[in-house]
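# Reading the structure
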Amino acid sequence: MAQCLQSVQEFIQDSFVPMVAVLCSEDAEKVTRKNNLNFSELVRPFCRLTSEGHMRDPNNQIQVIKNLKINISNIVTQPPQPTVIRKMLSEVVSVSQPADGLVANVITAGDYDLNISDRSIKASVPWYNNWKESLMELSTSKFFTATTPWFEAYRENFFQSMPASDHEFLNHYLACMLVVSSREAEPVEQFLKLSQEQHQIQHSNEYSYPKWFIPNTLKYYVLLHDISEGDEQRADSVYEEMKQRYGTQGCYLLKINSRSSAIGSDEQIPDPWSQYLQKINFQNQDFNDESPSVVINSKNIENSINAEEADELDFSSKDGVPNNFKAHPLQLDHPSDPGGHLDSLEALKCTAPVSEAKKQTSVTTHGACLTLNDHDRIRQFIQEFTFRGLLPHIEKTIRQLNDQVSTKGAFGTNIYAFFSQLVSRKGLSRSLFSATKKWFSGSKVPEKSINEPKNTAGLLYPPEAPELQIRKMADLCFLVQHYDLAYSCYHTAKKDFLNDQAMLYAAGALEMAAISAFLQPGAPRPYPAHYMDTAIQTYKDMCKNMVLAERCALLSAEVLKSQTKYSEAATLLIRMTSEDSDLRSALLLEQAAHCFINMRSPMVRKFAFHMILAGHRYSKAGQKRHALRCYCQAMQVYKGKGWSLAEDHINFTIGRQSFTLRQLENAVSAFRHILINDSKQTASQQGTFLREYLYVYKSVSQLSPEGPLPQLPLPCIESSATRVFFGHDRRLAEGVKQAATHVSLDQEFDRDLSQQWKELEEQVVAIVNRGAVPVNFQPTQYCLNSQTDNLRFPMAVVEEPIIVEVVFKNPLKVPLVLTDLSLLWKFQPKDFCRLQNGEAKEVISNEKDAHMKPMVKNDVIGTEVIPEFNMSHEETKVARLKLFPHQTGELHILGVVYNLGTIPSPNMVDGIDSFAGIQTEGNLTSNGMSVRGRQDLEIQGPRLNNTKEEKTSVKHGPDRRLDPVITPPMPLLEVFFINFPTGLLCGEIRKAYVEFVNVSKVPLNALKVVSKHPEFFTFGSHSAPLTPLSPTASENCSAYKTVVSDSSSACTATTSLVSPVDFGVGCDNPGLGVVDIPLPDSVLLPGTSIQLPMWLRGPDKEGVHEINFLFYYKSTESTSKLSHRVLRHTAVICTSRSLSVRATVCRSNTFQDDDDGRNGNMLVFVDVENINTNEAGVREFHIVQVSSSSKHWRLQKCINPCEDKDAKLSSRERGKLCFRATKCKSQEATSSALGKYTFTDINLGNEQIISATTPCADFFFRSCQSTESKKTVLSGQPAHVSSRWQSNDVTKVVRNCNEVDLNIIVLWKAYVVEDNKQLILEGQLHVALQTIGNEVCSLSQKQEAQEMVLLKFIRPEQPPSLARPSMEQLSHLIKTSLRYPESYDHPFLQKSLCMVPVTLTLSNCSLAGVDVIIDLRHKATSPETLEVHGSFTWLGKTQYKLQLKAQEIQKLQLKACFIHAGVYNLGTPRVFAKLTDQGSMCETSQQNSMPALIIINSV
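A brief look at the structure comes next. Small disclaimer: the values here were computed from a predicted structure and weren't measured.

## Some remarks on the pairing of strand E15 (residues 802-809)
The buried fraction of E15 is high, at seven of eight residues. Pairing of strand E10 (residues 716-717) with E15 involves two bridges; the strand directions are antiparallel. Among the inter-strand pairings, Cys716 is bridged to a residue of E15, identified as Lys809. Judged from the eight bridges that link them, E15 and strand E20 (residues 876-885) form a sheet pairing that is antiparallel. Note that in E20 the partner of Ile802 across the bridge is Leu883.

Written out as C-alpha cells, the structure reads:
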C-alpha cells in the first residue's frame, strides 16, 4: 500500500477510541459560538492526551495507557443515512488532491522511474537492503506527506461515519458531558434538565440511536464560564455547589474567552481547529434533508462534478438502477462512463462547475476570543475529565462486567479470574472456560430452530446475555489498550458465538481478536490473518454487510503491509472490490497497485494494470481527477513498451477525463498521442478517436478564437521530404515544338546528374569570367530537397512563383479531408537595388490572417489556397502549394495551415455509428467535423562532421530551403525544339530548329549553351551563323551545302582552307563545349522570340544517349543578388548502327617528278562496312564522298573509282577504297602557321558536299576536340604536353617519321523506307590517322573495352628509365624505291651476260641526318623464291655507305647481271639506317619495298 503518515498501531488506536457525548444548553452554545465553534469542535484539537494514564485490571494489575485519544461529539438521535455517508465520502476523496507544482515522489523499480504522486519531496527507493531506512527517512522528514492522502482521508471519515451496532460496543457512548453556561439563572436546574434529557434519550424506547455502552452512563458536569462577560465570583460559587452535589471528580469549571474578538486582533494565535474542520465528516448540515437532527460542520469544496451529479453517477446502483456490468471494464465507450461519446462530452462541458465559483470567498476565523491560556485550560479540562472521570469509570465498569459474568456462575470471581489468566497466559483451550460458564450460567441461549442453517446472521442476544457482557468487557479492555485481556475475551466470545451460530457476532469477535493479537506488546503470538479472512467472508457472504467487511479489510491490509506481506495485502484488497461501490473499489484497487510496487521485487506491470482498473472505477464514481491521475501514473509503465492498444486506451481515457476537467491542453496532448502513433486499432475505433479529438480541439479553439492556431497532429508531415521549386511550371509540347525539359517536381533527384549540371554551369561561368570561377559563385538550384546543398539561402525572383511540395501521410485507417490548405510565411521587405539606411522595414506575416479561410496578400505575397485535399486511409500524398512574391526581400516559409476534418461515416444510420456504438446528435459527426490549425515545417539540416568538436558531438547545420531571398526581376528564357529527332543513325546529320523566347519583362543577353557532348550539335560557324542553303540542298532537303559536280571532276580532289576559330575551336575559345548562340544585336527583348537552325549528329556509339544542354543567359541590368540564370534540357537520342569505317595509311613507292625534293606520297586505304541490320528500315548506304582534313596532308585522288561512281553497300556488305595522299603544296603549307586546316573533297557521286562549311566542318572540329579532351582526361595531362620519354630528341625525331596527321571524313546517304515512303538520310563518319601502318576504326566500342584495365595500386620503386625508340619506329627512317624497265630484251645467244641499269632512290623521311648502309650481297635463299624468280647478281660495288640530310633524296646507279631469261625480283638490297649522332648499335633494317619484278626476254 501507499506510504501513510501514521503507523499501523497509531491508525488502529485512533480508529477505536472511547466515545463521549455532549449536551449543551443554549447559553453554553452561545459562549462557544463566539469562536465560530460548538463545544465538541472547541475541545476536539485537545482530545489526545499528552501524558500517560493508569488503571487496574480485574486482577489488580496496573495497566499503562499511552497516547490515548477520546472522541467527543454532539448527541445525534438518528443514524446517518447510507446515501448521505456515500456522498460525504465522495466529497472527502474529491477535495483531497495531489498538490500542484511540487516535486514528485519517484520510485525506481527496475527500468522504471515512476512518479507515484505529486507530493513534496523526491523519494528514490532502490529496493535493496536499505529500503527500510529510505522509507524511515521519508516518514521522519518534516517535508514528507502521504502519497495517497485521499485514501487516508476516506479511511478516517469511513471509520468516523460508521454507525453504532448492536453486536459490538466500540462505537457506543461511555460518558456524557453536560455543559451549562455560568450565565444561566439557575445552572443547577439546567444541569438537571440536561441530565433528564440524556436519561430520556438513553432509556426511552422513543430513541433507538445513539447507542450507550452501559445503562449507568458516566455524566460529567461542565460549567462553562465566559471570562470576558460573566461574573467570575458567581461562577466560582456555582462550581462549589456543583462539587458538593456531584463530587469533585464529576464536575469541572471551564473558563474561556479571555479576550474579545475586537481586541488584540493583530496578535497571531495558532488555529488548531482548521485541520479538523477542513475534513468533511458525516455531520454535515448540507445533507440534512432526511435527518433534521444531524449537525454537520463543513465548508464549500471543489469537486469535478456537483453533488447531484455525483449522486447520480456514483450511487445509481444503490438507488435501484442496476449498472450494466456485461461490458468489459476497460471498454473505451462504456455506457456508464459520462465521457462515452460526444454528447456526453458536450453535457459534461456544460455541467462541469467552475472551480473558482466553488471556492470560498472569505476565510472563517476560529478561536478568535481564545488566548493561549484558554488553550491550556481546555487541554487541562480534557486531562481532568479523562484521568479523574473517564478512566476510573472504565475501570469500574470492567470490574462490574467481570463480576456480573462471574456471579452468574457457581464459582465466583476468583474462579473466573483463574480461568481468565490461564486462557490469556498459558494458551489453554477456551472450550473449558466456555463450558464452565455455560454450566453455571443462568441465561439461556437464544431460541433457534434445529433446522435453521448455520449462517444465521440475524440472531440477537438480550442485553444481559453473558456473551454480550464478555464482548463489552473485551471492547473496554481494547479501548484502554489492555490487549491481552481483550484478546482473551474476544477469543472466548468468538467460541460462544460460533457455537450459537451467531455469525455477525462471531465475525466481530474474530476481527477484534486478530487486531488484539497484533497489538499485544512483545508479539506473544503471530498475527492470525485467517481470523480476518473468516471475518471478511462472513460479513460479505452471510451477513451481507459490506461496510463491516470493508472495515475489516482496511485493518487487515494495514497489518499485512506493516509485516511487508504486500502480496497478501493486495490479494485481500482486490477481493474486496465489488460492483456495489465504485469509489471503494477504486480506492482499494489503487492501494493494491501500491502493494505491487512496494514489493521487494516490484511488480511494475501489475501496478500499472491495477492503476488502470482503479482509474476506471474512479471514473464511474465521478472522481474525474483521481481517474486522470491513475491513468497518468499507469502510462509511465506502458509508454514506449510496444503495448500500443493499451497506450491508446490510456491516452483516450486521459483525453476524456482532461476534457471533463477542463484541462483542454492535456486533453489535446493525449488525443494527439493516439493519432500520431502507429495505431493498431480498427478503422471504426480510429474514427471514434479522431472525432473526439476534433471535438476537443474545437473546444480549445473556441476558448481563444483570436489566439495562435493550434498545432495539428494529422496528417503526418515528412518535413525532410519537403521540396521547394522556384519558377513556373514548364510548358508542354505544342505540335512539332518540344519544350526544354528544364527542372520540374515530377523529376526524381539524381545526385550524379546534379553534379554534372553543376560542372557545366561552372564551366560556362569560368569562360564568362575569363577562366576563373568567382569566389561567391552559387550553383543554380531550381528544386531543393534533402539531398541538395541547402546551406545557403536560395534565390527566387520576384513575380515568379515558389512551389512548395509537402508530403502528407495519413497514418490512420480512416480518410481525412483537408480544406483551405495554404502556406504560412513571414516576409522582411528589402530593396537590394538601394543601400539600406539602417531602418529595417516591418516584418509582414500571414499568421494573424490564418484564421480566415481565404488568405491572399496581393501586394506582398500571393498565397494559393487548395480548397479541398482528400487523403485515403494510410495514404501518402503530396500537396504543391504556391506563393507569388510581389516584392523583394527575405521570405521565410513557416508551415501549412488547413482545416482538418473527417468524411462522414457511411455506416451512420439515424445518428448511430454501427461501428463505434456511439450515438450522436446534430452535425457533430454525421456531417463531418473540422478544426482549423497549423503544422510547422521544421527541417533538420545535415549533421556536421568537419571539426573534432563536430565529430565528437551531434551538431546539425542549417537547412535554408524554406528561406528564399526574393531578388529583383530577371529575364526568363523558354526554349523550344522544332523537328527535334528522337532516333538517329550513328553519324547521321539532322537539321532542326531551336526557338528562344524571353517571357519576362527584362531583356537578356550573353546567351550561351554548354554540353558535355559538343560533338552532338552545332549552331553554325562564327563567320556565317546562318549558312545559306544551296539550291541543290534545298531541293534534296540536305543538311549540307552541296554543289552539282560534272562527270569530269569525279574522283578528283577539291581543296579549301578553313580556320578552326571560325567554328568555335581554337585559342579564342578555350572552353570545351561552350557555344555562343548568335542573337540579333546580341539581345533578346522581352516578349520576343527567335528561331535558329541547329544541326545534330548521331553519336558514334549505338544505344540510348542522354545529352545535357545548359543554356546560360544574363540580364542587361546587373544585380547584386543574381548574376545569371540557366535553363536545362536533356535530349534523349536512340542511335542505331550505320557504317563501320576502318582506315590505314602507308608510304607510296613512287617518286613523281613534280615533287620538290620532299617526297610525301602515301596510300590511304578506307574499308567501309554496312553493319546496319535493317533496324531503322535502311535499305542501302551510298558512299557519296570522302574528304580529308589536315594541316599537312590532303587526299589527291581515288585510285580505284567505281564505274557507277557511288559505292553502294547493302546490309552486311563491305567495300574498300584506295586514295593517294600528298603533302600540302607550298602555298598551302605556308598557311599552317596560321593553324588552318586543308579540306579536300573527293566526290564519288554527282554532287559535291562542301565539307569546309557548316555543318560538316563543325562536327569534324567538335569530334576532334572531344577526342582530345577524352585523351586528356584518361592520361591525366593535356594532349600537347609530352611525357618524359617524348622529351628525348632522338625519340621525337623517330616518332615524327611515323606520324601522320590526316583525318578522313566519309559522307554517306542512306535510303530508308518509312510508311511506304522513301527517305534519304545523310551522315558522316570520322577517322583520324595518326601513325603509318596502324589501322583506325570509327567505332569506339573496342577501344573503350581495351582501355578498361585493372587498376594497380603498387608504387614503382624507381622511376622508369628513358624509353628508346622501338625497332618498328626506326624501320621507317628511309624510304627506298627502285626504277628500272619492266621488261628487258637481251640476245643471250649472242651475249651470255645481260646487264640492266637500275636506279635506287633513297629518301630521308626524318628531320635529322641519317647514316645509311646499302648491302647488295643479300640473295634470296629460299627454294620457292629461286624457283619463281630465279637468281641474279649485282655488279660493281656491293655495299654503300651514305649520309642523307634531313628529307634529302639520293639516287644510286646499280647494275643487275642476268645469265638467262626469266622473271626476277630486284628488291633484294638490304638498307640499314641510323641517326647520325647515334652509335652503330642503333642501325636498323629498313622496311623492304614492294616486290620489284623485272622480265628478261631472250631475243
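What follows picks up the thread again.
## Focus on the pattern of salt bridges
Counted according to the given criterion, the structure contains 45 salt bridges. Residue Arg617 pairs with Asp582 through a salt bridge whose shortest N-O separation is 2.9 Å. In this pair, Arg617 is assigned in helix H23 (residues 604-620) and Asp582 in helix H22 (residues 582-597), connecting sequence segments 35 residues apart. On the basis of relative accessibility, which here comes to 9%, the residue Arg617 falls in the buried class. Of the charged contacts in the structure, one is a salt bridge between Glu995 and Lys737, with a shortest N-O distance of 2.6 Å. Residue Glu995 is located in strand E29 (residues 988-998), and its partner Lys737 is located in strand E12 (residues 737-739); the two are separated by 258 residues in the primary sequence.

## Let's talk about helix H16 (residues 466-479)
In this model H16 runs 20 Å from its N-terminal to its C-terminal C-alpha over 14 residues, within 8% of the 20 Å that 1.5 Å per residue would give. Within H16, 14 of the 14 residues are buried, leaving the element largely enclosed by the surrounding structure. Gln481, located one to two residues past H16, shows a positive phi value of around 65°.

## Regarding the sheet that holds strand E49 (residues 1336-1337)
Spatial strand order, E42-E44-E40-E39-E49: five strands in an open sheet with antiparallel pairing. For this open sheet the edge positions go to strand E42 (1193-1198) and E49, each flanked by a neighbour on one side alone.

## Some remarks on the packing of aromatic side chains
Applying the stated criterion across every chain, the model contains 47 aromatic pairs. Here the aromatic rings of Tyr220 and Phe381 are separated by 6.3 Å at their centres, their planes lie at 45°, and the arrangement is tilted. Pair noted here: Tyr220 is in strand E8 (residues 218-226) and Phe381 is in helix H13 (residues 372-407), with a separation of 161 residues, a long-range link. With centroids separated by 5.0 Å and ring planes inclined at 85°, the aromatic side chains of Tyr461 and Tyr505 adopt a geometry described as edge-to-face. Here the residue Tyr461 occupies a position in the loop between helix H15 (430-440) and H16, and Tyr505 occupies one in helix H18 (residues 503-519), the gap between them amounting to 44 residues. Each of the two residues, Tyr461 as well as Tyr505, counts as buried. Taken together, the aromatic side chains of Phe11, Phe16, Tyr154, Phe158, Phe159, Phe478, Tyr483 and Tyr490 make up a single cluster linked through ring pairs.

## A look at the packing of helix H1 (residues 8-15) against helix H20 (residues 546-562)
Look at H1 against H20: their axes get within 10 Å of each other, and the N-to-C directions meet at 160°. Between H1 and H20, the angle is such that the two are roughly antiparallel. At the point where H1 passes H20, the crossing takes the left-handed sense. Where H1 abuts H20, its residues Val8, Phe11 and Ile12 lie against Leu554, Leu555, Glu558, Val559 and Ser562. Across the contact of H1 with H20, the residue classes break down as six nonpolar, one polar and one charged.

## Here we look at the environment of Val1186
With respect to the element layout, Val1186 can be found in strand E41 (residues 1178-1190). According to the relative accessible area criterion, Val1186 is buried, its value standing at 0%. Excluding its chain neighbours within four sequence positions, the residues that come into contact with Val1186 are Leu1195, Leu1217, Phe1219, Thr1240, Asp1241, Ile1242, Leu1244, Ile1304 and Ile1305.

## Quick notes on the environment of Val994
Positionally, Val994 belongs in strand E29. Along the sequence, Val994 and Gln1091 sit 97 residues apart, while their C-alpha atoms lie 5.4 Å from each other. Discounting residues that sit within four places of it in the chain, Val994 has contacts with Val975, Phe976, Phe977, Phe1019, Ile1090, Gln1091, Leu1092 and Met1094.

Procedures and definitions
- Residues numbered from 1 in each chain as written.
- Predicted model: local features only at pLDDT ≥ 70, side-chain atom pairs only at ≥ 80, totals over all residues.
- Heavy atoms only, no water.
- Buried < 20%, exposed > 50% of the residue type's maximum accessible area, 1.4 Å probe, protein only.
- Helix = DSSP H or I, 4+ residues; strand = E, 2+ residues; numbered from the N terminus.
- Pairing = 2+ DSSP bridges.
- Salt bridge = Lys/Arg side-chain N within 4 Å of Asp/Glu carboxyl O.
- Expected span 1.5 Å × (residues − 1).
- Phe/Tyr/Trp six-rings, centres within 6.5 Å; stacked < 30°, edge-to-face > 60°.
- Axes fitted to C-alpha atoms, helices over the stretch in contact; angles between N-to-C directions.
- Parallel < 35°, antiparallel > 145°, perpendicular 65-115°, else oblique.
- Left-handed = near helix turned anticlockwise from the far one by under 90°.
- Contact = heavy atoms within 4.5 Å.
- Nonpolar A, V, L, I, M, F, W, Y, C, P; charged D, E, K, R; others polar.

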